[in-house]
Amino acid sequence: MEPTLMNRTARAFADQMAARRSVRHFSAEPVPLDVVEEAVRAAATAPSGANLQPWRFVMITDAERKRQLREAAEAEEIEFYTRRASAEWLNAVAPMGTDWQKPFLETAPVVIVVFEVHQGPQTPRPYYVKESVGIAIGMLITALHLSGLATLTHTPSPMRFLNEICERPAEERACVVMPVGYPAEGVTVPDLTRKPLSEVMVRR
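Quick caveat, the model's predicted, so the values are computed rather than measured. (Residues numbered from 1 in each chain as written. Predicted model: local features only at pLDDT ≥ 70, side-chain atom pairs only at ≥ 80, totals over all residues. Heavy atoms only, no water.)

1. Structural notes on the nonpolar core
In this structure, Phe57, Ile112, Val114, Ile137, Leu140 and Met178 are the most contacted members of the largest nonpolar core, which totals 24 residues. Taken together, the elements giving at least two residues each to this core come down to α2 (33-43), β1 (55-60), β2 (110-117), α6 (129-146) and β4 (172-181). The element best represented in this core is α6, accounting for 8 residues. Look past the residues within four positions of Met178 in its chain and what remains in contact with it is Val110, Val111, Ile112, Ile137, Leu140, Ile141, Leu144, Thr151, Leu152 and Thr153. Listed in part, the 21 residues of the second largest apolar core include Ile60, Leu69, Phe104 and Leu152. (Core = buried A, V, L, I, M, F, W, Y, C linked by side-chain atoms within 4.5 Å. Buried < 20%, exposed > 50% of the residue type's maximum accessible area, 1.4 Å probe, protein only. Helix = DSSP H or I, 4+ residues; strand = E, 2+ residues; numbered from the N terminus. Contact = heavy atoms within 4.5 Å.)

2. Overview of the sheet that holds β2
Pairing in this open sheet of 4 strands is antiparallel, and the strands run β1-β2-β4-β3 from one edge to the other. The open sheet has two free edges, formed respectively by β1 and β3 (150-151), since each of these has just one partner strand. Pairing analysis gives 6 bridges linking β1 to β2, with the strands arranged antiparallel. By the bridge assignment, Phe57 is partnered in β2 with Val114. The strands touched by α6 are β1, β2, β3 and β4; relative to β4, the strand with the most contacts, the crossing angle is about 10 degrees. (Pairing = 2+ DSSP bridges. Axes fitted to C-alpha atoms, helices over the stretch in contact; angles between N-to-C directions.)

3. A short note on the layout of surface pockets
Space left empty within the atom packing is revealed by a probe, the size of a water molecule, rolled over the atoms. Empty space within the largest pocket amounts to approximately 510 Å³. Surrounding the largest pocket, 24 residues form its lining, Arg24, Met96, Thr98, Leu152 and Thr153 being those nearest its centre. Listed by contribution, the elements that provide at least two residues to the lining of the largest pocket are α3 (63-84) and α4 (87-93). The leading source of residues in the lining of the largest pocket is α3, at 3 residues. Looking at the lining of the largest pocket residue by residue, the classes come out as 11 nonpolar, 7 polar and 6 charged. Empty space within the second largest pocket amounts to approximately 230 Å³. Looking at the second largest pocket, it is lined by 16 residues, and the ones nearest its centre are Arg24, His25, Met96, Gly97 and Thr98. Per-class residue counts for the lining of the second largest pocket are 7 nonpolar, 6 polar and 3 charged. (1 Å grid on protein atoms, 1.4 Å probe; cavity = no way out; pocket = protein on both sides within 12 Å on 5 of 7 lines; lining within 4 Å. Points joined across faces, edges and corners; volume = space filled by probe spheres on them. Nonpolar A, V, L, I, M, F, W, Y, C, P; charged D, E, K, R; others polar.)

4. Regarding the side chain of Lys66
Structurally, the position occupied by Lys66 is in helix α3. The buried charged residue Lys66 lacks any salt bridge, with Glu106 as its nearest oppositely charged partner at 8.0 Å. Here Lys66 is in contact with Ile60, Thr61, Leu105, Glu106, Thr107, Ala108, Pro109 and Val111, once residues within four sequence places are set aside. (Lys, Arg positive; Asp, Glu negative; His and termini not counted. Salt bridge = Lys/Arg side-chain N within 4 Å of Asp/Glu carboxyl O.)

5. Notes on α6
With 18 residues, α6 should reach 26 Å at 1.5 Å per residue; the first-to-last C-alpha distance of 26 Å fits that figure. Looking at the buried side of α6, the elements it contacts are α1 (3-18), α2, β1, β2, β3 and β4. After α6 finishes, the residue Gly148 shows a positive phi value of roughly 90 degrees. (Expected span 1.5 Å × (residues − 1).)

6. Some remarks on the pattern of salt bridges
Scanning the entire structure with this criterion turns up 11 salt bridges. In this structure, Glu74 engages Arg70 in a salt bridge whose closest nitrogen and oxygen atoms are separated by 3.0 Å. Of this pair, Glu74 and Arg70 both sit in helix α3, 4 residues apart, which is roughly one turn of that helix. For Arg70, a relative accessible area of 22% corresponds to the partly exposed category. Residue Lys130 is joined to Glu116 by a salt bridge in which the shortest nitrogen-to-oxygen separation is 3.0 Å. Of this pair, Lys130 sits in helix α6 while Glu116 sits in strand β2, placing them 14 residues apart in sequence. We classify Lys130 as exposed; its relative accessible area is 59%. Taken together, the shared-partner salt bridges in this structure form one network comprising Arg56, Arg168 and Glu172.

7. Examining the environment of Ser198
Of note, Ser198 is situated in helix α8 (residues 197-200). Taking relative accessible area as the criterion, Ser198 reaches 66% and is therefore assigned exposed. Counting along the chain gives 31 residues from Ser198 to Glu167, while the straight-line C-alpha distance between them is 45 Å.

Below, the structure written as structure tokens:
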């Protein structure tokens, strides 16, 4: 590819991603499930340690299962926000308006729970699991954004309740919950700024 076209392509992609924002208020309007599936297919092409692909993407659309997920997540979040979270952390997230209430887990038409797959009866010992799954999650967020869908990365702690709700074996460990859909009408997002390139990149 010619260098000028390479630069134009890279700049356009960076501009598209700079427009991405996490959304906490979703419309209940259904989304094309085949679009979500293609985004997962893209995520599953991520590089992984020894190419063992130690990830599982559980796509939840059932209303009752989403209700159970919200109730269980909020139970953990109430405990976290009222007892375990430090004042420093609470101050850091205050501008984002986040608290223990997680209605998006029920409102969003799709919720994807991403699991790390560890060694089990049918799965080999993986390598660099967190790094591999982290890359895949980044690719999933990117694919969904470029498809016109909004997302949020939610990480309730602890997450063991997700194995039961998603009917997954013990060797699979949830690492992120992602509601997926269209933003609710009139939704706003915090006026956040991102560090300039000069602060995040070093040349040597």
